[in-house]
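Secondary and tertiary structure notes
Single-letter residue listing:
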Amino acid sequence: MHAETHSGVSIAAISKIEKGQSRPSFDTLLRIARCLQINFVQMMEGEGPARLRSGVTARLTSTRAAEAELYQTAHYDYRVHSTALTQKVMVPLRMSIHNHEPPPREEWSIHDGEEFIFVLKGTLAFHTEHYAPLILQEGDSCYLDSTMRHAFVAVSAGDVEILSVCLSIKPFEEGP
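Residues numbered from 1 in each chain as written. Predicted model: local features only at pLDDT ≥ 70, side-chain atom pairs only at ≥ 80, totals over all residues. Heavy atoms only, no water.

**Details of the side chain of Ser109**
Note the cut-off: Helix numbers and strand numbers start at the N terminus; a helix is a DSSP run of H or I with at least 4 residues, a strand a run of E with at least 2. Only heavy atoms matter for contacts: two residues are in contact if any of them lie within 4.5 Å across the pair.
By the element assignment, Ser109 lies in the loop between β3 (90-97) and β4 (114-121). If sequence neighbours within four positions are ignored, Ser109 has contacts with Asp27, Tyr78, Met148, Arg149 and His150.

Written out as structure tokens, the structure is:
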């Protein structure tokens with residue numbers, strides 16, 4: 001089957017991404033990584049960490065604010081942290097929410113796993129496909145099943161800043 005069948009991303013879009021002609025959204029990158037059966041960060045950075053002789057992995061990283069990898073969409077800026085660690089199951093993001101109206105529903109995020117949202121600055125309207133919008137103030141948080149379509153809207157003037165931690169990649173099993 002074609003990659004577009006499994007990932008939902010067209011071959012033309014994948015080709016443009018590979019050639020550097022298009023800047024994919026975070027959700028598009030997650031769909032491609034899932035289809036390839038690799039972790040998002042592994043896709044961006046390559047193979048995983050070295051293991052100690054005991055089989056235990058000693059892992060630690062830090063990300064300076066200026067070093068976070070930036071991905072931009074029409075609605076959000078994603079700053080991906082901890083990219084030096086590969087084969088992890090969480091993807092920490094600092095997001096700037098620019099839009100003051102909900103994006104078109106077909107552009108709402110949807111991905112495997114769960115997500116934790118914490119509002120760092122401003123007032124956020126958090127939209128989901130199954131619930132009324134949730135208004136979150138600075139210091140508020142929510143936790144969700146991210147297989148449910150969701151979107152962020154800045155309610156306060158200017159951008160809203162949030163911390164999002166995605167548990168987006170399920171362990172992969174061998175099989176047909």
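Next comes the rest of the account.
**Points about the sheet that holds strand β5 (residues 124-128)**
Note the following rule: Here the rule is simple: two strands pair whenever DSSP picks up at least two bridges between them. A fitted line through C-alpha atoms represents every axis, and for helices the fit uses only the stretch in contact; the resulting angles, taken between N-to-C directions, go from 0 to 180 degrees.
Spatial strand order, β6-β5-β8: three strands in an open sheet with antiparallel pairing. Strand pairing shows two members of the sheet lacking a second neighbour, β6 (134-136) and β8 (150-154), which therefore form its edges. Neighbour to neighbour, the strand axes of the sheet diverge by 25° on average, direction disregarded. The pairing of β5 with β8 spans five bridges and is antiparallel. Bridging from a neighbouring strand, Thr128 pairs with His150 of β8.

**A look at the pattern of salt bridges**
Rule in force here: One speaks of a salt bridge when a side-chain nitrogen belonging to Lys or Arg is within 4 Å of a carboxyl oxygen belonging to Asp or Glu.
Per the counting criterion, the structure on display carries one salt bridge. A salt bridge links Arg94 to Glu161; the shortest N-O distance between them is 3.3 Å. Highlighted residues: Arg94 in strand β3 and Glu161 in strand β9 (residues 160-167), separated in sequence by 67 residues.

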